[in-house]
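A structural walkthrough
The primary structure of each chain is shown beneath.
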Amino acid sequence: MSLRVYNTLTKQKDLFEPVRPGKVGIYLCGVTVYKSPHIGHMVGPVIFDAIKRYLAFKGFEVILVVNITDVDDKIIDRASKTGSNVQAVAEQYTEEYLEALAGFGVDTIDKFPKASEHMPDIIELIERLIEQDHAYAAEGSVYFDVTSDADYGRLSNRKIEEQETGTRAVESAGKKNPADFALWKAVKPGEPAWESPWGKGRPGWHIECSAMSMKYLGPTFDMHGGGMDLMFPHHENELAQSESATGQPFARFWMHNGLTRIKTKLAGGEVRDEKMSGSIGNVVPARELLERHGAELLRYMLLSTHYRRPIEFTDEVMVAAKKGLSVFHRLFERIERLNGAPMGDDSPDMDRTAAALLESENSHFARSVLGFKMKFLEMMDDDFNTAGAIGVLHEMAGEANAFVERHTIEVNKQPDLMQAVTAAAQSLRKLGLVLGLFRASPTKSSGQDKGLVDGLMALLIQLRANARTNKHFAIADGVRDGLAAMGITLEDRADGTVWRKG
């Protein structure tokens, strides 16, 4: 199967061929550390964490670099408003950002370069641009001359006259063209500054990413990612200055994820669907969400939408995600009950047991499961379609549950049938792991707490069963409803009543 990836630069799905055979370099724009991270800041890292996992699954050696912008106007403004200093602000929110990433299970990032730690690289890149007449110094600042790049605007399809400074302030003194953007900003009173050939100052936003990405991935690398809102001016300017400096292609594939949207209720009762943004004030802190929903549910929710589409973050979406994720948890718990043991990483999957099963009466089931695996890979090879891949996992879960019901395995517990459905569930779990899902054991709890909880639940289930036998239905319903109010669901099955959380 061939991987095809939508390339913002070509506006089409292109066949993915790495710059270096067997190796993939990915650069993802991280955050500007001036405030606490919210769910929108987690979208890109979760997506590219899943992308790296899949590429590694396909046998590639992958380096994922996510920068941290710790030199920026917004950090300076925040320090001024809070009476702190720039370094303290940057360190505080960098720590919160890294904690949030860990909370979301994003643990495949290889490097977190900071702008403040790469000043020599940034200055050297600016000097090269000046030498090649792509940039010029003016009153202590340095600007990129957009008219020197004949291809400027090809990423975002904008013309030079449409260039805007956006939300980032740039000095205009001495600029030749209104569209020229700052590579180096002359020092201002009270701002952090570094020595340079043009006097003390600090780098512009765009040059930071060019210097750091090329330092770790080379002048030409495979994938450059970021939110759709970064395409212009940030990525457009990165592309222009990088290729002007090296004379080589910069990133082969430009990948832009959709932005997070949230429904906001206005004073008059009107509901408005809008982009989640700190400037609007409608953000939901990442830490709060982790405490409320847990990492796996949030990750499942984010990956249930194709990365190029906007992510709708609403209560309804979270309810639907919880319902969808519970399908897998119930299946895994069912398999654990059948086997009387947890599903371990070494449990055989369908790939390992297929040879025997294909020669048995369960050959159709084995072929079906293997077919779903191929379909999952096809989805991921089609522009990393995680939403489609999760849909295939639901089909696999439905097939496994139907197999259990059709053969009444929970009652008869035939060894060959138990082996077949266990292998199917393990195949499903391993495919989920490719997306970073199902990393925790399905077991509800462990140790002494597990024994206590299981004992109490067994007692309540038995009391309910006795009440039903004696036709005390009000008591039986009261037990069920009371547990439901605590988020515990009882399921009456052929082999008895079981419980689950959620």
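Let us now look at the overall build of the protein. Counting secondary structure elements, the protein contains 16 helices and 15 strands. Looking at the protein residue by residue over its 502 residues, the buried ones come to 50%. The long-range share in the protein, meaning contacts at least 24 apart out of those at least 6 apart in sequence, stands at 73%. When the accessible surface of the protein is totalled, it reaches about 22,700 Å², and 51% of it is carbon and sulfur.

Cis geometry is found at the peptide bond from Phe 232 to Pro 233, where omega equals 5 degrees. Its place among the elements puts Pro 233 in helix α6 (residues 231-246). Despite not being glycine, Thr 408 shows a phi value in the positive range, around 45 degrees. Looking at the secondary structure, you find Thr 408 in the loop between α12 (386-406) and α13 (409-412). Classification of Thr 408 as partly exposed rests on a relative accessible area of 38%.

Turning our eyes to something else, we now look at the environment of Arg 352. Its location among the elements puts Arg 352 in helix α10 (residues 350-357). When the C-alpha atoms of Arg 352 and Ala 423 are compared, they prove to be 8.2 Å apart, with 71 residues separating the residues in sequence. The residues contacting Arg 352, other than those within four sequence positions of it, are Asp 346 and Ser 347.

Another point: the nonpolar core. Side chains of nonpolar character tend, in soluble globular proteins, to be buried together. Membership of the largest hydrophobic core comes to 96 residues, with the highest contact counts inside it found for Leu 55, Phe 104, Met 223 and Phe 384. Residues contacting Phe 384, with those up to four places away along its chain left out, are Leu 3, Val 5, Ile 51, Tyr 54, Leu 55, Met 223, Met 255, His 306, Tyr 307 and Met 379. Among the nonpolar cores identified, the runner-up in size contains 39 residues, and Val 146, Cys 209, Met 212 and Phe 232 belong to it.

Each pair of aromatic rings is reported with the distance of its centres and the angle of its planes. The full count for this structure, using the stated rule, is 13 aromatic pairs. Centroid distance Phe 16 to Phe 253: 5.5 Å. Interplanar angle 55 degrees. Geometry classified as tilted. Placement of the pair is Phe 16 in the loop between β2 (12-15) and β3 (23-28) and Phe 253 in strand β10 (residues 251-257), with a sequence separation of 237 residues. With relative accessibility at 7%, the residue Phe 16 sits in the buried group.

Once that is clear, we can look at helix α8 (residues 295-303). Of all 9 residues in α8, 7 are buried, a share of seventy percent or more. Among all positions of α8, only Leu 297, Leu 298, Arg 299, Tyr 300, Met 301, Leu 302 and Leu 303 are buried. Along its buried surface, α8 packs onto α1 (39-57), α7 (286-293), β13 (311-313), α9 (315-339) and α12.

Moving on: the pairing of strand β5 (residues 135-138). Alignment of β5 against strand β6 (residues 141-144), held across 4 bridges, turns out to be antiparallel. Bridged to Ala 137 within β6 is Val 142. Taking the residues that link successive antiparallel strands as the turn, the β5-β6 hairpin has 2 residues, and the phi of Glu 139 there is positive, at about 55 degrees.

Time to look at the sheet that holds β5. On the basis of which strands lie adjacent, the open sheet formed by 4 strands has the order β5-β6-β7-β8 and antiparallel pairing. In the strand order of this sheet, the two ends are held by β5 and β8 (201-203), each with one partner. Here the strands of the sheet are splayed against their neighbours by 20 degrees on average, with no regard to which way each runs.

The next point concerns the side chain of Asn 67. Within the fold, Asn 67 resides in the loop between β4 (61-66) and α2 (73-82). Using a relative accessible area of 1% as the deciding quantity, one classes Asn 67 as buried. Engagement of the side chain of Asn 67 in a polar contact is seen with the backbone nitrogen of Gly 30, the distance being 2.7 Å. A distance of 3.2 Å separates the side chain of Asn 67 from the side chain of Thr 69, its partner in a polar contact. Apart from the residues within four sequence positions on either side, Asn 67 is in contact with Tyr 27, Leu 28, Cys 29, Gly 30, Val 31, Pro 113, Cys 209 and Met 212.

Cut-off values and rules
Along each chain, numbering runs from 1 in the same order as the chain's sequence is written. Local features in this predicted model are restricted to residues of pLDDT 70 or higher, and side-chain atom pairs are both shown and tallied only at a pLDDT of 80 or more, whereas totals for entire chains, interfaces and linings draw on every residue. Calculated side-chain values reflect all of the structure's heavy atoms, with hydrogen atoms and water omitted. Strands are runs of DSSP state E lasting at least 2 residues, helices are runs of H or I lasting at least 4, and numbering of each runs from the N terminus. For every residue, the accessible area obtained with a 1.4 Å probe (protein chains only) is divided by the maximum for its type, and the residue is called buried under 20%, exposed over 50%, and partly exposed between those limits. Contacts were defined at the residue level, with two residues in contact if any of their heavy atoms lie within 4.5 Å. Only the protein chains shown count as covering a residue, and every accessible area follows the Shrake-Rupley method with a 1.4 Å probe. Buried Ala, Val, Leu, Ile, Met, Phe, Trp, Tyr and Cys residues form a nonpolar core when they are joined through side-chain atoms within 4.5 Å. Any two of the Phe, Tyr and Trp rings considered here, Trp counted by its six-membered ring, make a pair once their centres fall within 6.5 Å; the pair's planes then place it as stacked at under 30 degrees, edge-to-face at over 60, or tilted in between. Think of it this way: DSSP has to see at least two bridges between two strands before they count as a pair. To define axes, lines are fitted to C-alpha atoms, for helices over the stretch in contact only, and angles between the resulting N-to-C directions are given on a 0 to 180 degree scale. Each polar contact in these results corresponds to two N or O atoms within 3.5 Å; when the atoms are within protein, one needs to be able to donate a hydrogen and the other to accept it, and residues that are neighboring in sequence are counted only if both atoms are side-chain atoms.

Honestly, it's all geometry; don't read function into it.
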